[in-house]
Amino acid sequence: MMNTKLLKDTTEDIAAAADILAAGGLVAFPTETVYGLGANALDAEAVGKVYAAKGRPSDNPMIVHISSKDDLLALTPEVTADMQLLMEHFWPGPMTMIVPRLSLIPDTTTGGLDTVGVRMPDHPVALSLISAAQCPVAAPSANLSGKPSPTTAKDVKEDLYGRVDAIIESTDCQVGIESTVIDMMGEQPMILRPGIITREDFEEALKKPVALDPTLNQRPDVFNNEDFKPRAPGMKYKHYAPKAQMTVFEGSPQAVQEVICREAAKYRAEGKKVCVISFDEKDQKAAAHQFFARLREADREGADMILASALPEEGIGFSVMNRMLKSAGYNIRKV
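Computed from a predicted model, the values in this text were never measured in an experiment.

Peer 1: Got a minute to help me understand the overall build of the protein chain in this structure?
Peer 2: Scanning the protein chain from terminus to terminus reveals ten helices and 15 strands. The C-alpha atoms of the protein chain give 20 Å as radius of gyration, which agrees with the globular expectation for 335 residues (20 Å, within 12%). Along the first, second and third principal axes, the C-alpha atoms of the protein chain reach 55 × 50 × 35 Å. Evaluated residue by residue, the protein chain yields a buried proportion of 56% over its 335 residues. Partitioning the intrachain contacts of the protein chain with sequence separation of at least 6 by distance along the chain shows that 70% fall at a separation of at least 24. Element-wise, carbon and sulfur atoms account for 48% of the exposed surface of the protein chain, whose accessible area totals about 14,100 Å².

Peer 1: Could you clarify how one ought to interpret the pattern of salt bridges in this entry?
Peer 2: Opposite charge on two side chains lets them pair, provided their charged atoms get close. Applying the stated rule across the entire model yields 15 salt bridges. A salt bridge links Arg 119 to Glu 32; the nearest nitrogen and oxygen atoms lie 2.8 Å apart. Of the two residues, Arg 119 sits in strand β6 (residues 115-119) while Glu 32 sits in the loop between β2 (27-29) and β3 (36-40), which places them 87 residues apart along the sequence. With respect to class, Arg 119 is no different from Glu 32; both count as buried. Close ionic contact of Glu 158 with Arg 300 constitutes a salt bridge, the shortest N to O distance being 2.6 Å. Separated by 142 residues along the polypeptide, Glu 158 in helix α6 (residues 153-160) and Arg 300 in helix α9 (residues 284-300) bring together distant segments of the chain. On the basis of relative accessible area, Glu 158 is assigned to the partly exposed category, the value being 42%. The exposure class assigned to Arg 300 is partly exposed, which follows from its relative accessible area of 37%. Salt bridges here are not isolated pairs; linked through shared partners, they connect Lys 147, Asp 155, Glu 158, Asp 159, Arg 296 and Arg 300.

Peer 1: How do you make sense of the sheet that holds strand β14 (residues 305-309) when you look at a structure like this?
Peer 2: Two strands in a sheet stick together by hydrogen bonds in their backbones, pointing the same way (parallel) or opposite ways (antiparallel). One open sheet accounts for four strands, arranged β13-β14-β12-β15; its pairing is parallel. Looking along the sheet, the strands with just one partner apiece sit at the ends: β13 (274-277) and β15 (332-334). Looking at each pair of strands side by side, their axes are set apart by 25° on average, direction ignored. With three bridges joining them, strand β12 (residues 245-250) and β15 adopt parallel strand pairing. Counterpart to Val 248 in the pairing with β15 is Ile 332. In this fold helix α10 (residues 316-327) packs onto β12, β14 and β15, with an angle of close to 135° to the strand it touches most, β12.

Cut-offs and rules
- Residues numbered from 1 in each chain as written.
- Predicted model: local features only at pLDDT ≥ 70, side-chain atom pairs only at ≥ 80, totals over all residues.
- Heavy atoms only, no water.
- Helix = DSSP H or I, 4+ residues; strand = E, 2+ residues; numbered from the N terminus.
- Rg over C-alpha atoms; globule rule 2.2 N^0.38 Å.
- Buried < 20%, exposed > 50% of the residue type's maximum accessible area, 1.4 Å probe, protein only.
- Contact = heavy atoms within 4.5 Å.
- Areas by Shrake-Rupley, 256 points an atom, 1.4 Å probe, with all protein chains shown as cover.
- Salt bridge = Lys/Arg side-chain N within 4 Å of Asp/Glu carboxyl O.
- Pairing = 2+ DSSP bridges.
- Axes fitted to C-alpha atoms, helices over the stretch in contact; angles between N-to-C directions.

Now the structure itself:
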């Protein structure tokens, strides 16, 4: 077990955390999306420690975080006009672009791909840390692999205390779900992981159509396919899973509410602890902000069953449903 330092988001502590990163260590830090677990992206040995700390499969690529738009030029051979447009519109912010990689980025960071996902987070602590470390930072979510993503320092400590060198304790993450991943390698940009920035947002910025990966929000057939190489995090392996058995109910809001009430009463009569998750369909940003926190709360309360109501799969609701379906292992019940 490692001696994990608990740091604050002060200038002094951020500098100490940057020294740890520069020396090849692991630091969990806040971003606007979720907490990340960072290592020097150009140090294969350091990045390998991230996989080990999380129990993360080695072919699951990591996102490289930078502190300045200019830093992208050091990671990719070319910045196209479309990439430039997206950077101007959405960086700093919850957007990851899949771009060609330069050879200085080790295979360990990219999962062996010839591409790399890069983003510039919109969080003062994250930007200060990356800048002070003077290196790009590879950072998946700061949780044990497969568990709900962490949106508070408490979540990170529950999963990674004793497994990493330091945790920066700061405010709760504002967005609450991971960044949108957009693949810029083809003629038409394609969203590989939905997030708070939607396809409509991208199309407005680019003035051209943007595709959605056709497998999004569908039960994947790649979990047991050893040959499938995911181009972005979350495309292959089961993600975001709470301890409880989870069911997602789809249908009219009234019908869903009635069925969930009936099911909850039945399970409680059997002596089971039930957590109900539902959101206001008109406030999708709040749903994104709260979803992982609700899963973590269910785990802490020892829930046996989680009954969740589906959101309309449009806009940010599509992105929340992407996480909800994976959390439930695609256990969907239409009512």
